[in-house]
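# An overview of the molecular structure
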Amino acid sequence: MTALLESPTARVKWLAAPSCARWVEQAQARPDLVLIDHAHCERKAAGVALQLMFRYPADAGLAALLSPLAREELEHFELVLQLLQRRGVALRPLAAPGYGAALSAQVRKAEPERMLDSFLVAGLIEARSHERMALLAAHSSDGELRDLYGELLASEARHFGLYWVLCEERFGREATVARLQELAVAEVAALTGDLAVPDQVRMHSVGVGAI
């Protein structure tokens, strides 16, 4: 297996560097752990969309876009949960990698910068999820997992595209691109390094190539 893997959707414009083969190997070695973490990720993504709706209640256009997104994230959570149940795997808490916290720390505190950064961080997480699901759909030896990850790809791509639309409508293309480039570098930094404990593999555990 080469150091970097390609799939039809592995190169995502939001991302400053691709995931590496080592992450795919780790994820394939512990598919149930990644599935459990995936379920938590889908539920968290729904929570992020709802949180943004509550934070900016006066923005009617925001609610119109994020409400359907939150519902779809919960539908994805239910799909993953059903697969776990068919496999006899219980959903349980998992220690989260530092990825989400590292990205959240990049969000500026003052408005309107906070809104822009929050949208971009949410979009980056969706983009990385999409990229890694594409890799698992392309390389997993488990047909059931290939089907699941492949089924979710189109909607995951739509999700980070939606966050881009929210940014561009409210802040313009130039400001959106400039800040995304900065945050994309921070996103790669959060995924750089070696996994010390194999059981810590997650959908967003470390494992990227060079920028």
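Going by the structure above, here's the rest.
Below is a summary of the structure that appears in this document. Bear in mind the structure is a predicted one, so any value in this text is a computation, not a measurement.

With 34 residues, the main nonpolar core has Trp-14, Leu-66, Phe-119, Leu-120, Leu-124, Tyr-163 and Leu-166 as its most contacted residues. The set of elements that each furnish at least two residues to this core consists of α2 (31-55), α3 (60-86), α4 (99-104), α5 (113-139), α6 (143-171) and α7 (173-190). Here this core takes 8 residues from α5, the largest share from any one element. In this structure Trp-14 touches Leu-120, Gly-123, Leu-124, Ala-127, Phe-160, Tyr-163, Trp-164, Leu-180 and Ala-184, once residues within four positions along its chain are discounted. If you look at the next biggest cluster of nonpolar residues, it comprises 28 residues, including Ala-27, Leu-35, Ala-39 and Val-80.

Tallying each qualifying case throughout the model produces 15 salt bridges. Here Glu-144 ties to Arg-87 by a salt bridge, and the two come within 3.2 Å at their closest N and O atoms. Note that Glu-144 is positioned in helix α6 and Arg-87 in the loop between α3 and α4, a separation of 57 residues in sequence. Relative accessible area serves as the criterion here: at 27%, Arg-87 is assigned to the partly exposed category. Taking the shortest distance from any N to any O, the salt bridge between Glu-187 and Arg-128 comes out at 2.8 Å. One end of the pair, Glu-187, is in helix α7; the other, Arg-128, is in helix α5, with 59 residues separating them in the sequence. Both residues of the pair, Glu-187 and Arg-128, belong to the buried class. Through salt bridges that share partners, Asp-32, Arg-86, Arg-87, Asp-142 and Glu-144 make up one connected network.

Conventions used here
- Residues numbered from 1 in each chain as written.
- Predicted model: local features only at pLDDT ≥ 70, side-chain atom pairs only at ≥ 80, totals over all residues.
- Heavy atoms only, no water.
- Core = buried A, V, L, I, M, F, W, Y, C linked by side-chain atoms within 4.5 Å.
- Buried < 20%, exposed > 50% of the residue type's maximum accessible area, 1.4 Å probe, protein only.
- Helix = DSSP H or I, 4+ residues; strand = E, 2+ residues; numbered from the N terminus.
- Contact = heavy atoms within 4.5 Å.
- Salt bridge = Lys/Arg side-chain N within 4 Å of Asp/Glu carboxyl O.

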